[in-house]
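# Architecture at a glance
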Amino acid sequence: MSGILCALADLSATGAKEVVLSEDGARISVFVVQHEGKVLGYVNSCPHARLPLNWRDDQFFDVTKQYLFCANHSARFDIQTGQCVRGPCKGQALKPYPVSVVGQNIIAAPPGDPPQA
Ligand code: FES
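Residues numbered from 1 in each chain as written. Predicted model: local features only at pLDDT ≥ 70, side-chain atom pairs only at ≥ 80, totals over all residues. Heavy atoms only, no water.

The next point concerns unusual backbone geometry. With a phi angle near 55°, Arg-50 is a residue other than glycine that sits in the positive phi range. Within the fold, Arg-50 resides in the loop between β4 (38-43) and β5 (67-69). Take Arg-50: its relative accessible area is 56%, and that puts it in the exposed class. For Asp-58, which is not glycine, the phi dihedral falls at a positive 60°. Tracing the chain through its elements places Asp-58 in the loop between β4 and β5. (Helix = DSSP H or I, 4+ residues; strand = E, 2+ residues; numbered from the N terminus. Buried < 20%, exposed > 50% of the residue type's maximum accessible area, 1.4 Å probe, protein only.)

Structural data, given as structure tokens:
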């Protein structure tokens, strides 16, 4: 599936944006983050208990802003790789959701397309 997920400007408040999609009749929550000049996407499902990471709208970073954060049991994830580096799912990883930046928008990258335009 490709299409506009959100505007780059939507990330300005928290550095992240959750987007709920409908794919093949199923609801899927993904989020995009901007960090060190890159825009990355992940499925919003923690590998520990398959719960959404965030308790608050568009809050996906820990207090240091150096890690993605699961609010359920405080797992921390490498922003660039999605790998859990601390918490009950250490060694597991978030599922990437490939995205690209086109103009002022973030779009879902079709399967097979490299992330980041
Ligand atoms: S559900 Fe994410 S750490 Fe438990």
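Alright, that's what it looks like, and here's the rest.
A word on the nonpolar core. In terms of nonpolar packing, the biggest core is built from 17 residues, with Phe-31, Val-33, Leu-53, Leu-68, Phe-77 and Leu-94 touching the most fellow members. Contributions of two or more residues to this core are made by β3 (26-35) and β4. Excluding its chain neighbours within four sequence positions, the residues that come into contact with Val-33 are Leu-11, Gly-15, Ala-16, Lys-38, Val-39, Leu-40, Phe-61, Leu-68 and Ile-79. Counting residues in each nonpolar core, the second largest holds 15 residues, with Leu-8, Val-30, Val-43 and Tyr-97 among its members. (Core = buried A, V, L, I, M, F, W, Y, C linked by side-chain atoms within 4.5 Å. Contact = heavy atoms within 4.5 Å.)

Attention now goes to the sheet that holds β3. The strand order across the open sheet formed by three strands is β2-β3-β4, and the pairing between neighbours is antiparallel. Looking at which strands have only one partner, the edges of the open sheet turn out to be β2 (16-23) and β4. On average, each strand axis in the sheet is inclined to that of its neighbour by 25°, with strand direction left out of account. Note: β3 against β4, six bridges, orientation antiparallel. Across the sheet, the residue bridging to Gln-34 is Val-39, located in β4. (Pairing = 2+ DSSP bridges. Axes fitted to C-alpha atoms, helices over the stretch in contact; angles between N-to-C directions.)

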